[in-house]
Each structure stands twice: as C-alpha cells, then as structure tokens.
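# Summary of the model geometry
Chain by chain, the residues run as shown.
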Amino acid sequence: MTTTTTSLRWGILATGGIAHLFTSDLVLNGHTVQAVGSRRADAAAQFAAEFGIPNVHASYDDLVADPEVDVIYVASPHPFHAEHASLALNAGKHVLVEKPFTLNADEARELAALAESTGLVILEAMWTRFLPHMQRIREILAAGTIGSVRSLIADHTQKLSEDPLHRLNSLELGGGALLDLGIYPVSFASSLFGAPATIQASATFKATGADAQVATLFQYENGAIASTLSASDTKGPNRATILGTEGRIEIDGVWYSPTSFRVIDSVGAVIEHFVSEVNGRGMHYQAQAIEGLVAAGECVDARMPIDETVQIMQTLDDIRAQIGLKYPGE
C-alpha cells in the first residue's frame, strides 16, 4: 500500500497506550507528527524518541502553544478530555478527541459550542466509522441490499486487568466497561438508527465501583431494536450482525477494527464477502478525515458529526442513570 505525506502537523497530548497506537499509524501512513506533550518530561522524551518526533514538551500548555502544530490529538484519561480539548481550541488548534468524547453530555455540549465559536474542527476519534469495511457497509445499506434495517446485535467484551489500581477499574479516571468498551456498539447503533426512543440497561460492578458488564436494549421510533453487551471481565466473540427484512450483514471479530464481513440474503446465500486491506491498524483514517475537513474549510464530517457525538454522550448518560453509575464530582 502506498502512503502520502500530509501538510497538517500533529501534536500528541498524553503518551498512554492509545496514543502509541494512533501515532504509530500516523507515522506509518505518512502523516506529520510534529510534537508531543506530557506532564512528565521523561515520558514525552521517550515517546518522541520512539516515533522520531522533533518537538518535545513537558506540559500540555506548551504543546498547544507550539506554533508548528496545527491539530491536537487528545489521548488523556476520560475525565480530562473536555479540559484538554478546550485548552487546544482556545490555543487555535483543531482537535481530535479520543473516545468517549467527554465524561458526560453536559461537557460534550460545552465543548461543541466552544468549537463552533472558534470556527475550528473538533472530531470524536471513533476510528471505526472511517474504516473501509464500515464505508462499504454504509454503501450496502444505502442501496437497500438487505431491505429495511430492523436490528443490530453487537458485543465488545474483553478480559482486561483486574488490578484495582488500573485506570480501567478507577471511577476517578472514568474507568469501566461502558465508556471504554460500550462506546463502540452504542455508537454503532447510533450510526444505524439515531437516538433511541427507549433504553433498557442492566449492569454488574467490580469492587472498585466500576462497571464490569453493561447490557443495553434500545428501541427506536421506527420499531427497530439494537442489543449491545460490553464487558471488561469476559472475552467474547466481538462480532456484530445487522438484520434487515431482505437479508443480513455478519461482521467478523473484531468487528470494530479492520475485518471481514458477509452479506447474506433472505434464503441464506452469501452475495458479498468483503475483506479489509489496511496499512497498520487503521487509525489513520480518522486523521485523514480531520485533515480533509481543514483542507476543505469545513467543520463537520457526515460520518461522525459533532451533534451525533453529543447525542451519544446523552445516551451513555441515560444508561448510567439506569444502572446507577456516577463518577466523582458529578
């Protein structure tokens, strides 16, 4: 696969695991990673050395003030997304914010309003939406190949750390299955059906108070239904199925990353088999999206519009209200 060098210069805010994955894909696919910032000088220096990044900053304030940076990728823990994205916007930088966009819908609305007032691009880093297999699925659905879409079944279930000090198990850091894992199938359901008319949710919890499993059932005004399961203590198939009146789409594990799928008609015949071909992990497609918006002088990508990002955060808030999940300070 060929790569192309882009002119937009990236600054990476925070140096955790997700920042490593994203930056690796940026470098692999010819994007310009100009700077990195961390609250720890040694962490920033190590990250810069790993990826050959020229500008190294020992604070987020210095990173967003860097005149050689055009767009900031916010990869800090969930409770700090709103603060750090606001910092970047107020410094005149476009922003790609790691999912979940914020901790709650109120923060999301404030951040969206700030971006609109500055005329800058802000995009939720729901990288799945920009992957080739998801683009093809959108085309298939738009063509009516499987008829009227009636339901979605999707899980995001992983066997992750049980360490009570791990970020995933810390309420103070927004840890838990819903925001880390459930955001994927909840966002997928939103992309198919919009905001649910009704929500039913149930959950189990860890000793730290973080949610271990969350199951949801959404129903929509048109009668469609979506069922999701997220879990951080059990490893599941991580597959998704879209059911229509004239057929279905079966997406293989792991459905939210580059993978394969089959389109099956109403009598069980496979009418299309799609296999992803991606350079790296595929996280660079969201970078292409935000760079394309900036180049075109636009602010909204139809694949992940900011209004829908806010609506998804409201859905997550509604789920949390049902299962009794609150974060410190709320």
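Please refer to the structure placed before this passage.
Quick caveat: nothing in here was measured; it's all calculated off a predicted structure. (Residues numbered from 1 in each chain as written. Predicted model: local features only at pLDDT ≥ 70, side-chain atom pairs only at ≥ 80, totals over all residues. Heavy atoms only, no water.)

## Regarding helix α4 (residues 81-90)
Buried within α4 we find His81, Ala82, His84, Ala85, Ala88 and Leu89. Packed against the buried residues of α4 are β1 (9-13), α3 (60-65), β4 (71-74), β5 (94-98), α5 (105-118) and β6 (122-125). Taken from the residues just after α4, Gly92 is the one with a positive phi, measuring 85 degrees. (Buried < 20%, exposed > 50% of the residue type's maximum accessible area, 1.4 Å probe, protein only. Helix = DSSP H or I, 4+ residues; strand = E, 2+ residues; numbered from the N terminus. Contact = heavy atoms within 4.5 Å.)

## Considerations on the side chain of Asn238
As for its position among the elements, Asn238 is in the loop between β10 (225-231) and β11 (240-244). Look at Asn238 and you get buried, because its relative accessible area is 1%. For Asn238, the side chain forms a polar contact with the main-chain oxygen of Gly236, separated by 3.2 Å. Each residue touching Asn238, except ones within four places of it in the same chain, is listed here: Asp155, His156, Thr157, Gln158, Asp252, Gly253, Val254, Trp255 and Tyr256. (Polar contact = N/O pair within 3.5 Å; in protein donor to acceptor, adjacent residues only side chain to side chain.)

## Side note on the sheet that holds β5
The 6 strands are arranged β3-β2-β1-β4-β5-β6 in an open sheet whose pairing can be described as parallel. Pairing within the sheet leaves two strands with one partner each, and these edge strands are β3 (55-57) and β6. Here the strands of the sheet are splayed against their neighbours by 20 degrees on average, with no regard to which way each runs. Pairing analysis gives 5 bridges linking β1 to strand β2 (residues 32-37), with the strands arranged parallel. Looking across to β2, one finds that Ile12 is bridged to Val36. (Pairing = 2+ DSSP bridges. Axes fitted to C-alpha atoms, helices over the stretch in contact; angles between N-to-C directions.)

## What about the nonpolar core?
By size, the foremost hydrophobic cluster in this structure holds 99 residues, and its most contacted members are Ile122, Ile249 and Ile319. Looking at this core, the element that brings in the most residues is helix α7 (residues 177-193), giving 8 residues. Excluding residues within four positions of it along the chain, Ile122 makes contact with Ala85, Leu89, Val95, Val97, Phe101, Leu111, Ala115, Cys299 and Ile306. (Core = buried A, V, L, I, M, F, W, Y, C linked by side-chain atoms within 4.5 Å.)

## What about the pattern of salt bridges?
Within this structure, the stated rule accounts for 15 salt bridges. Linking Arg136 and Glu272 is a salt bridge whose minimum nitrogen-to-oxygen distance equals 2.9 Å. With a gap of 136 residues between them, Arg136 in helix α6 (residues 132-142) and Glu272 in strand β14 (residues 270-275) connect regions that are remote in the sequence. When its relative accessible area of 21% is taken as the criterion, Glu272 is described as partly exposed. Salt-bridge contacts for Arg262 lead to Asp252; the nearest nitrogen and oxygen are separated by 2.8 Å. With Arg262 in strand β13 (residues 260-265) and Asp252 in the loop between β12 (247-251) and β13, the pair connects residues that are 10 residues apart, well separated along the chain. On the basis of relative accessibility, which here comes to 22%, the residue Arg262 falls in the partly exposed class. The class of Asp252 is buried, set by a relative accessible area of 16%. (Salt bridge = Lys/Arg side-chain N within 4 Å of Asp/Glu carboxyl O.)

None of this, on its own, says anything about what the molecule does.
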